[in-house]
Amino acid sequence: MKRIAILLLLSSALCFAGEVTLTKSAVLRTERSMVSLKAGTVVELLNRDEKTLTVRYGKITGTVPATSIAGAAAETVKKEEPAPAPIPPRGATTNYGKAVEKAKENAGKHDKNVVKPNDEILP
């Protein structure tokens, strides 16, 4: 009788699901549906995989990405690569775009050529 009680206790301890809080919004995917979960939602963690977590939210059981909780995000985050250099602006390809660029150039030239009166007294 003691052995059965010990086995029941051990099996219930192993089957007990831990609760975790999502740190990022995630999509809970089941076989037939998808549920959007917001950051801060508390779910029961049933199983942990390398890239996914099996969780239960209410009566729905499904998978979410492992990066949606803080502990898994820290484990799976790789070194961030530096941001790529910004793409240089390309020239206009349409007639309208070329006309706009030409108008901007002409406005700049006009501003440079405008005579600005001085406050000095002429001789």
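Bear in mind the structure is a predicted one, so any value in this text is a computation, not a measurement. (Residues numbered from 1 in each chain as written. Predicted model: local features only at pLDDT ≥ 70, side-chain atom pairs only at ≥ 80, totals over all residues. Heavy atoms only, no water.)

Draft legend 1. Main features of the overall build of the protein. When you go through the protein residue by residue, the secondary structure sums to 3 helices and 6 strands. The proportion of buried residues among the 123 residues of the protein is 15%. Contacts spanning at least 24 positions in sequence make up 35% of the contacts within the protein whose residues lie at least 6 apart. Entry remark: accessible area of the protein is about 11100 Å², with carbon and sulfur atoms responsible for 59%. (Helix = DSSP H or I, 4+ residues; strand = E, 2+ residues; numbered from the N terminus. Buried < 20%, exposed > 50% of the residue type's maximum accessible area, 1.4 Å probe, protein only. Contact = heavy atoms within 4.5 Å. Areas by Shrake-Rupley, 256 points an atom, 1.4 Å probe, with all protein chains shown as cover.)

Draft legend 2. Fine view of the nonpolar core. Core analysis: the biggest nonpolar cluster contains 12 residues, these being Val-20, Leu-22, Ala-26, Leu-28, Leu-37, Val-43, Leu-45, Leu-53, Val-55, Val-64, Ala-66 and Ile-69. Apart from the residues lying within four places of it in its own chain, the contact partners of Val-20 are Thr-41, Val-42, Val-43, Leu-45 and Ile-69. (Core = buried A, V, L, I, M, F, W, Y, C linked by side-chain atoms within 4.5 Å.)

Draft legend 3. Layout of the side chain of Ser-68. Residue position: Ser-68 is located in the loop between β6 (60-65) and α2 (70-76). What makes Ser-68 buried here is its relative accessible area of 2%.

Draft legend 4. Representation of helix α3 (residues 95-113) in the model. For α3, with 19 residues, the first-to-last C-alpha span of 27 Å sits near the 27 Å given by 1.5 Å per residue. By the criterion of burial, α3 is predominantly exposed, with just 1 of the 19 residues buried. (Expected span 1.5 Å × (residues − 1).)

Draft legend 5. Representation of the pairing of strand β4 (residues 42-48) in the model. One ladder, built from 4 bridges, connects strand β1 (residues 18-21) with β4; its direction is antiparallel. Among the inter-strand pairings, Glu-19 is bridged to a residue of β4, identified as Glu-44. Sheet analysis places β4 next to strand β5 (residues 52-57), joined by 4 bridges and oriented antiparallel. Directly across from Asn-47, in β5, lies its bridge partner Thr-54. Counting the residues that bridge the hairpin from β4 to β5 gives 3 residues. (Pairing = 2+ DSSP bridges.)

Draft legend 6. Structural view of the pairing of β6. Where β5 and β6 come together, 6 bridges link them in antiparallel fashion. Across the sheet, residue Val-55 finds its bridge partner in β6, namely Gly-62. Here β5 folds back onto β6 in antiparallel fashion, the turn holding 2 residues, of which Gly-58 has a positive phi close to 70°.

Draft legend 7. Spatial organisation of the pattern of salt bridges. Taken as a whole and assessed by the stated rule, the structure comprises 1 salt bridge. Across the salt bridge formed by Glu-44 and Arg-56, the nearest N and O atoms sit 3.6 Å from each other. Of the two residues, Glu-44 is situated in strand β4 and Arg-56 in strand β5; the sequence distance between them amounts to 12 residues. The class of Arg-56 is partly exposed, set by a relative accessible area of 31%. (Salt bridge = Lys/Arg side-chain N within 4 Å of Asp/Glu carboxyl O.)

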